[in-house]
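Here is what each chain is made of, one letter per residue.
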Amino acid sequence: SNYIKMRYAYQIIRLAHYKKNYPQTLELYDYLIPKFDPIESIIHYWIMGHRAGAILRMGERIKASYLYSLIFENCPSKRESAYRSFSIKSEEEWQALLLLCQDDKERSTLYAIRASSESSRAAEDMDNIYALYPESPNLELLLVKEMKKLEKDLLGEEFNDKRKQNKQFFGHPRKKRGDYVISLHNFVKKCVEEEKVRSLPLWKLADGYLEF
């Protein structure tokens, strides 16, 4: 059974990783994975996570971040841990990471990860995602996330009983929030007009709400 072989491989690779023997983790991966035919399973991404962790610990952050981006896109149960482990520290590393991607969909995932940061102004990265892969479900998630942040910036500042917590813990209202809502709204209007996005009614709703 390929499935049983894959489960055994996962447990063995996992134990080597938890033992912090990172070279052995990678040796076991190279030795065990070719011994069974690939099958569609989230366990494939569990194994990839341990491989990425070993690669990261051995100092290859760019290669590890590429693997974490694949996990982020394809394995919801490991998405948060993949996001937290993703580590790119300069524009030079970012460009090197983009070169590892096999297609525009993979490149769009990198921009989605970067846009997911709480400190990001995601409209620019959303535009990059749209140019590469307009049907990306990550666009919808980022749209809702950015609208919720703008609500903290712009709605009820004078009477909102959570305004102190918003300022202390989330940094809201942010500077230049007025400019940002305009740039996000312009992007949303483009998506509505071109009709390439996956859930057009959501974008039409966002268009009206951002106008308000």
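Everything in this summary refers to the structure shown in the same document. Keep in mind that this is a model prediction, so the values were computed, not measured. (Residues numbered from 1 in each chain as written. Predicted model: local features only at pLDDT ≥ 70, side-chain atom pairs only at ≥ 80, totals over all residues. Heavy atoms only, no water.)

Observations regarding the nonpolar core
By size, the foremost hydrophobic cluster in this structure holds 48 residues, and its most contacted members are Met126 and Trp203. For methionine 126, the contacting residues outside a window of four places in its chain are Leu139, Leu142, Leu143, Glu146, Leu184, Phe187 and Trp203. Among the nonpolar cores identified, the runner-up in size contains 11 residues, and Ala9, Leu28, Phe36 and Ile47 belong to it. (Core = buried A, V, L, I, M, F, W, Y, C linked by side-chain atoms within 4.5 Å. Buried < 20%, exposed > 50% of the residue type's maximum accessible area, 1.4 Å probe, protein only. Contact = heavy atoms within 4.5 Å.)

Here's the deal with a nonpolar patch on the surface
Taken together, the side chains of Tyr3, Ile4, Tyr8, Ile12 and Ile39 make up a nonpolar region of the molecular surface, amounting to roughly 470 Å² of accessible area. Take tyrosine 8: it is sitting in helix H1 (residues 2-18). The class of tyrosine 8 is exposed, set by a relative accessible area of 56%. (Patch = residues over 30% accessible without salt bridge, like charges linked within 9 Å, V, L, I, M, F, W, Y side chains within 5 Å. Areas by Shrake-Rupley, 256 points an atom, 1.4 Å probe, with all protein chains shown as cover. Salt bridge = Lys/Arg side-chain N within 4 Å of Asp/Glu carboxyl O. Helix = DSSP H or I, 4+ residues; strand = E, 2+ residues; numbered from the N terminus.)

Side note on the packing of H1 against helix H2 (residues 22-32)
Between H1 and H2, the shortest axis-to-axis distance is 8 Å and the interhelical angle comes to 165°. With respect to their mutual orientation, H1 and H2 come out roughly antiparallel. Judged by the sense of rotation from one axis to the other, the crossing of H1 with H2 is right-handed. Of H2, the residues touching H1 (which contributes Ala9, Ile12, Ile13, Ala16 and His17) are Tyr22, Gln24, Thr25, Leu28, Tyr29 and Leu32. Split by residue class, the contact of H1 with H2 holds 8 nonpolar, 3 polar and no charged. (Axes fitted to C-alpha atoms, helices over the stretch in contact; angles between N-to-C directions. Parallel < 35°, antiparallel > 145°, perpendicular 65-115°, else oblique. Left-handed = near helix turned anticlockwise from the far one by under 90°. Nonpolar A, V, L, I, M, F, W, Y, C, P; charged D, E, K, R; others polar.)

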